[in-house]
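Residue-level listing of the chains:
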Amino acid sequence: GSSGGPGSKPASSKPDDLTKIEGIGPKIAGLLKADGIETFKDLASTDTTRLSAMLERAGSRYRLADPSTWSEQAALAADDNWDALDALQTDLKGGRRV
C-alpha cells in the first residue's frame, strides 16, 4: 500500500464544528484544536483520559466539563448520524448521562 507523506491530509478534512458535541463550547473547542483535535473523527479516537488531562491543564474553569461521552458523540457526528446524536444528546446534561 502507498502511504502519503507526513502531514498529507485528504482535502476534505476541514475542521468540524466541535461545539455540536454536547458539553463542548467555543472555548473548549479552541482547546481541542490547539491539542490537534480538529474533526469529529479526531475526537472520536481520543480517549477520555487524554481529554480530562487537557481540561485539567487548561485550568479550574474547565473542571466541570465532563468529556466522558464526547468520543461517543463525535463518532456519531463523524458518520453523519445526526438523528442518533440528537437522541443521545436528549439523555445528556452538559455532556453527562443523567
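Bear in mind the structure is a predicted one, so any value in this text is a computation, not a measurement. (Residues numbered from 1 in each chain as written. Predicted model: local features only at pLDDT ≥ 70, side-chain atom pairs only at ≥ 80, totals over all residues. Heavy atoms only, no water.)

Within the element layout of this structure, Asp66 appears in the loop between helix 3 (48–58) and helix 4 (70–78). For Asp66, a relative accessible area of 18% puts it in the buried group. Among the polar contacts made by the side chain of Asp66, one reaches the side chain of Ser68 at a distance of 2.9 Å. (Helix = DSSP H or I, 4+ residues; strand = E, 2+ residues; numbered from the N terminus. Buried < 20%, exposed > 50% of the residue type's maximum accessible area, 1.4 Å probe, protein only. Polar contact = N/O pair within 3.5 Å; in protein donor to acceptor, adjacent residues only side chain to side chain.)

Before going further, it helps to examine the environment of Asp80. By the element assignment, Asp80 lies in the loop between helix 4 and helix 5 (82–90). For the pair Asp80 and Phe40, spaced 40 residues apart in sequence, the C-alpha to C-alpha distance is 9.8 Å.

Detail in the predicted coordinates should be disregarded across regions flagged by low pLDDT. Considering every residue of the chain, the mean pLDDT works out to 89; 87% of them sit at 70 or more. Within the chain, no element has a lower average pLDDT than strand 2 (residues 96–97), which sits at 85, and none a higher one than helix 2 (residues 40–44), at 98. (pLDDT = per-residue confidence, 0-100.)

Right, let's talk about the packing of helix 4 against helix 5 for a bit. Relative to each other, helix 4 and helix 5 sit at 155°, their axes nearing to 8 Å. If you check the angle between helix 4 and helix 5, you find them roughly antiparallel. Between helix 4 and helix 5 the crossing geometry is left-handed. Note on element contacts: helix 5 touches helix 4 through Trp82, Ala84, Leu85, Leu88 and Gln89, opposite Glu72, Gln73, Leu76 and Ala77. Residues of the contact of helix 4 with helix 5, tallied by class, amount to six nonpolar, two polar and one charged. (Axes fitted to C-alpha atoms, helices over the stretch in contact; angles between N-to-C directions. Parallel < 35°, antiparallel > 145°, perpendicular 65-115°, else oblique. Left-handed = near helix turned anticlockwise from the far one by under 90°. Contact = heavy atoms within 4.5 Å. Nonpolar A, V, L, I, M, F, W, Y, C, P; charged D, E, K, R; others polar.)

All right, on to the packing of helix 1 (residues 26–34) against helix 3 then. Put simply, helix 1 and helix 3 touch, their axes get as near as 11 Å, and they point 110° apart. Here helix 1 is positioned roughly perpendicular relative to helix 3, judged by the angle of their axes. In this structure, helix 1 crosses over helix 3, and the sense of that crossing is right-handed. Of the residues in helix 3, those in contact with Ile28, Leu31 and Leu32 of helix 1 are Leu51, Met54, Leu55 and Ala58. Tallied by class, the residues present in the contact of helix 1 with helix 3 amount to seven nonpolar, no polar and no charged.

Regarding helix 5, the residues found buried are Leu85, Leu88 and Gln89. Down the axis, helix 5 shows its buried residues gathered within 95° of arc, on one side only. Relative to its buried face, helix 5 has exposed residues pointing more than 90 degrees away, namely Asp83 and Thr90. On its buried side, helix 5 packs onto helix 4, strand 1 (92–93) and strand 2. (Arc of directions from axis to C-beta.)

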